[in-house]
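These are the residues of each chain, in order.
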Amino acid sequence: MAEGFLLSWKMISSTDGSIIASDAFVNSDYMMLADGVVANVLPKLAESCGLSESGVEPKKVADLTTSSAEAYSHFVDGLHAADEFRLEDAETALLKATMLDTTFALAYSHLAQVHLLQNNYDVAKTLAEKAWRKRFKLTEKDRLRLEAFRAELNMDPQTARAANEAILERFPDDIDALQSTIHTIFRQGHLDDAFKHSD
């Protein structure tokens, strides 16, 4: 048997801790594995939210990121390195991802963030603009997140706040968008408003 990957998932109710759905997949291609999980999980999410399964159209990983398995692998490595604050490793991996697929908007976006963390402001701004020009491959949330990031780089707090609040309207549990909104409001000097959002 060829070497493969086993991926299991479990959807648990945050109300009572009950298991809503679960499954496991085995595949030697991790992009196909991811596609299988997305195709399997979305209908379960729709059902638990009271939506019709027919209204959910699962997309493939390639539609939202890259069709290059090698580029995706470097992208994932870059995210892990960034999470561990290994910024040089993150930069190297994400750069490789963009070189393998020049339309990989999400990789450009994360590479821009890594450069900003390294105080390379001009490079971060250039990469964010590159990502924006390729935004057709981003999900709605990732596009709004990139819009907010670009606005912050361009010293445009109104647009940044509007984009983050649009994320929160659709995805109220998004901690990153909430934190970004609070920081933007705080920088604008609206302290009372910032405290209201933090409650």
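Colleague: Requested: an account of the confidence of the model for the chain, with residues and values cited.
Modeller: In the predicted model, the chain carries a mean pLDDT of 79, and 71% of its residues have values of at least 70. Note that pLDDT drops below 50 for residues 52-56; the model gives that stretch four contacts with residues more than four away or on any other chain.

Colleague: So what's going on with the side chain of Arg150? Which residues, and what values?
Modeller: Counting through the fold element by element, Arg150 comes out in helix α7 (residues 140-153). A relative accessible area of 17% places Arg150 in the buried class. Beyond its immediate sequence surroundings of up to four residues, Arg150 is in contact with Ala128, Glu129 and Trp132.

Colleague: Break down the pattern of salt bridges for me, with residues and values.
Modeller: Counted according to the given criterion, the structure contains six salt bridges. Linking Arg170 and Glu140 is a salt bridge whose minimum nitrogen-to-oxygen distance equals 2.4 Å. In this pair, Arg170 sits in helix α8 (residues 157-170) while Glu140 sits in helix α7, placing the two residues 30 residues apart along the sequence. When its relative accessible area of 36% is taken as the criterion, Glu140 is described as partly exposed. With a shortest N-O distance of 3.3 Å, Arg143 and Glu147 are connected by a salt bridge.

Colleague: An account of α7 is requested, with residue identities and associated values reported.
Modeller: If you check α7, its first and last C-alpha atoms are 20 Å apart, about what 14 residues at 1.5 Å a residue would give, namely 20 Å. The complete set of buried residues in α7 reads Leu144, Leu146, Ala148, Phe149, Arg150, Ala151 and Leu153. Among the structural elements, α5 (105-117), α6 (121-133) and α8 are those in contact with the buried residues of α7. Met155 occupies a position one or two residues after α7 and carries a positive phi of about 55 degrees.

Colleague: So what's going on with the pairing of strand β2 (residues 19-27)? Residues and values would help.
Modeller: Pairing geometry for strand β1 (residues 5-12) and β2, over eight bridges, is antiparallel. Directly across from Leu7, in β2, lies its bridge partner Phe25. What sits between the antiparallel neighbours β1 and β2 is a turn of six residues, in which Gly17 has the positive phi angle 80 degrees.

Colleague: Got a sec to walk through a nonpolar patch on the surface? Specific residues and values, please.
Modeller: Together, Leu116, Tyr121 and Met155 make up a nonpolar patch on the protein surface, roughly 290 Å² of accessible area in all. Here Leu116 falls in the partly exposed class, since its relative accessible area comes to 33%.

Here is what the cut-offs are and how they apply
- Residues numbered from 1 in each chain as written.
- Predicted model: local features only at pLDDT ≥ 70, side-chain atom pairs only at ≥ 80, totals over all residues.
- Heavy atoms only, no water.
- pLDDT = per-residue confidence, 0-100.
- Contact = heavy atoms within 4.5 Å.
- Helix = DSSP H or I, 4+ residues; strand = E, 2+ residues; numbered from the N terminus.
- Buried < 20%, exposed > 50% of the residue type's maximum accessible area, 1.4 Å probe, protein only.
- Salt bridge = Lys/Arg side-chain N within 4 Å of Asp/Glu carboxyl O.
- Expected span 1.5 Å × (residues − 1).
- Pairing = 2+ DSSP bridges.
- Patch = residues over 30% accessible without salt bridge, like charges linked within 9 Å, V, L, I, M, F, W, Y side chains within 5 Å.
- Areas by Shrake-Rupley, 256 points an atom, 1.4 Å probe, with all protein chains shown as cover.

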